[in-house]
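As a plain string of letters, each chain reads:
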Amino acid sequence: MKVRNCRPINLKFINDGVDGNLVVAEGSRNIPFDIKRVYFINNLSNKEAIRGKHAHKKLKQVLFCINGSFVLTLEDSENKEEVLMSKSHTGVYMGPGVWHTMSAFSPNCVILVFASDHYGKSDYIRDYPKFRMFAKGGQR
Ligand code: T46
């Protein structure tokens, strides 16, 4: 991936044939940090919905789309890219200083996120010019 501090994450995927699939995430193994928080986002029936529009100062996260699909837009101080999130066992690691937006949700979309820390309002950068300054400052 061309945006700094981002990379794909593949989870262990066990195909049990007619009995379904089993997908495994483990902290400090295929999730590259100790998991302190897990949250999910669902009920995305509004096609116009846009979530995210912020960066984090310190938080590390891995996002998965475990049902349906959405588009994850990632941006650092130099590059921007769109990732179609549609495979339940392939997610995206997002480190600090990545401006991210989630959009184009399918109605059945469910997003699952593993985070390296508890919720903290002060870790958010919700102002785009402030994000640009933070990202250009080279802080990770
Ligand atoms: C992120 C993307 C991928 C809490 O009180 N605790 C929490 O753990 C979270 C995640 C959110 N909230 C509150 C904060 C807001 O008042 O829930 C409200 C909605 O959060 P937000 O607008 O930040 O939701 P998203 O979907 O834009 O962003 C979320 C995460 O907040 C964020 O860290 O990176 O998902």
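In the block above lies the structure referred to throughout.
What you see is a predicted model; the values in this text were computed from it and never measured.

Hey, could you run me through the site of the ligand in this one?
Contacts to the ligand come from 14 residues, most closely from Arg37, Arg51, Gln61, His100 and Tyr124. Interatomic distance of 2.6 Å between a side-chain N/O atom of glutamine 61 and an oxygen atom of the ligand. Notes on the ligand: free accessible area 640 Å², of which the protein chains cover 68%. If you map the ligand onto the pockets, it falls in the largest pocket. At the level of secondary structure, the elements contributing two or more residues to the shell around the ligand comprise β4 (37-41), β5 (51-56), β6 (61-67) and β10 (99-103).

Would you mind showing me how to read helix α1 (residues 128-136) here?
One turn of an α-helix holds 3.6 residues; hence residues three or four places apart share an orientation. Burial in α1 covers these residues: Phe131, Phe134 and Ala135. Across the axial projection of α1, the buried residues extend over an arc of 95°, all falling on one side. In α1, the exposed positions that point more than 90 degrees away from the buried face belong to Pro129, Lys130, Met133 and Lys136. The elements touched by buried residues of α1 are β5, β7 (70-75), β10 and β12 (124-125). Capping of α1 at its N-terminal end is provided by aspartate 127; its side-chain oxygen lies 3.0 Å from the backbone amide nitrogen of lysine 130.

What should I look at first to understand the sheet that holds β10 in this one?
Pairing in this open sheet of five strands is antiparallel, and the strands run β8-β7-β10-β5-β12 from one edge to the other. Single-partner strands in this sheet number two, and they are β8 (80-85) and β12. Sheet topology note: the β7/β8 ladder contains six bridges and is antiparallel. Considered in β8, the bridge of valine 71 is made with leucine 84.

It is not clear to me how the nonpolar core should be interpreted in this structure. Could you clarify?
Nonpolar side chains in soluble globular proteins tend to end up buried together. Core analysis: the largest hydrophobic core is formed by 20 residues, its most contacted members being Leu63, Phe70, Leu72, Leu74, Met85, Phe105 and Ile111. Of all the secondary structure elements, the ones that give two or more residues to this core are β6, β7, β8, β9 (90-94) and β11 (110-115). Among the elements that take part in this core, β7 stands out by supplying three residues, more than any other. Those residues within four positions of phenylalanine 70 in sequence are excluded, and the remaining contacts are Leu63, Cys65, Val83, Leu84, Met85, Met102, Ser103, Ala104, Phe105, Cys109 and Ile111. With nine residues, the next largest nonpolar core counts Val62, Phe64, Tyr93 and Phe114 among its residues.

I would appreciate a short explanation of the layout of surface pockets in the present structure.
If a probe as big as a water molecule is rolled over the atoms, it shows which places are left empty. Computed from the structure, the largest pocket encloses a volume of approximately 190 Å³. Considering the residues around the largest pocket, the lining is formed by 14 residues, among which Tyr39, Ile41, Gly52, His54 and Met102 are closest to the centre. With four residues, β5 is the single largest residue contributor to the lining of the largest pocket. Of the residues assigned to the lining of the largest pocket, the class counts are seven nonpolar, five polar and two charged.

Criteria and cut-off values
Residues numbered from 1 in each chain as written. Predicted model: local features only at pLDDT ≥ 70, side-chain atom pairs only at ≥ 80, totals over all residues. Heavy atoms only, no water. Near = heavy atom within 4 Å. Polar contact = N/O pair within 3.5 Å; in protein donor to acceptor, adjacent residues only side chain to side chain. Areas by Shrake-Rupley, 256 points an atom, 1.4 Å probe, with all protein chains shown as cover. 1 Å grid on protein atoms, 1.4 Å probe; cavity = no way out; pocket = protein on both sides within 12 Å on 5 of 7 lines; lining within 4 Å. Sits in = over half its atoms within 2 Å of the grid points. Helix = DSSP H or I, 4+ residues; strand = E, 2+ residues; numbered from the N terminus. Buried < 20%, exposed > 50% of the residue type's maximum accessible area, 1.4 Å probe, protein only. Arc of directions from axis to C-beta. Contact = heavy atoms within 4.5 Å. Pairing = 2+ DSSP bridges. Core = buried A, V, L, I, M, F, W, Y, C linked by side-chain atoms within 4.5 Å. Points joined across faces, edges and corners; volume = space filled by probe spheres on them. Nonpolar A, V, L, I, M, F, W, Y, C, P; charged D, E, K, R; others polar.

Such coordinate-based values are descriptive only and should not be taken to indicate function.
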